[in-house]
Amino acid sequence: MADCLFCRIVRGEIPATLVHENESVIAFRDLDPKAPVHILVIPREHIESLNDDAVSPAMLGAVLAGVAHVARQEGVSESGYRTVINTGRRAGQTVFHLHAHLLAGRAFDWPPG
């Protein structure tokens, strides 16, 4: 999708602080972090949200495997981290390209806000 912010990051048109990439996903630091560690993991393919017909178990597996890889790389896998996927505007999704937030480095309350 030509005007999608995250697609433009995937294509290298917009700079981002990449922390991981492979053939399926890329991961980069969030520009407006909500925790000391706040990284987004996105599929390279444009998929709007979990509600998109193009969602597949393989793609979701690649995104979540990317989250786990980055958590180990960032040294937060043992201390704990939260993974969030917002789906739809009312749930807080602001960029309509599927993405998982990896949040770590502080305690998180339950239930989330």
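Definitions and limits used
- Residues numbered from 1 in each chain as written.
- Predicted model: local features only at pLDDT ≥ 70, side-chain atom pairs only at ≥ 80, totals over all residues.
- Heavy atoms only, no water.
- Pairing = 2+ DSSP bridges.
- Helix = DSSP H or I, 4+ residues; strand = E, 2+ residues; numbered from the N terminus.
- Expected span 1.5 Å × (residues − 1).
- Buried < 20%, exposed > 50% of the residue type's maximum accessible area, 1.4 Å probe, protein only.
- Arc of directions from axis to C-beta.
- Contact = heavy atoms within 4.5 Å.

Caption draft 1: Spotlight on the pairing of strand β1 (residues 18-21). Bridging between β1 and strand β2 (residues 25-29) involves three bridges; their strand directions are antiparallel. Counted as the bridge partner of glutamate 21 is isoleucine 26 from β2. Between β1 and β2, which follow one another and run antiparallel, lie three residues.

Caption draft 2: How the structure looks around helix α2 (residues 57-74). The first and last C-alpha atoms of α2 sit 25 Å apart over 18 residues, in line with the 26 Å expected at 1.5 Å per residue. Among all positions in α2, only Met59, Val63, Gly66, Val67, Val70 and Ala71 are buried. On an axial view of α2, the arc spanned by its buried residues comes to 135 degrees, and they lie on one face. Of the exposed residues in α2, the ones pointing more than 90 degrees away from its buried face are Pro57, Ala58 and Arg72. Residues of α2 that are buried sit in contact with β1, β2, β3 (37-43), β4 (81-84) and β5 (100-104). Glycine 75 occupies a position one or two residues after α2 and carries a positive phi of about 75 degrees.

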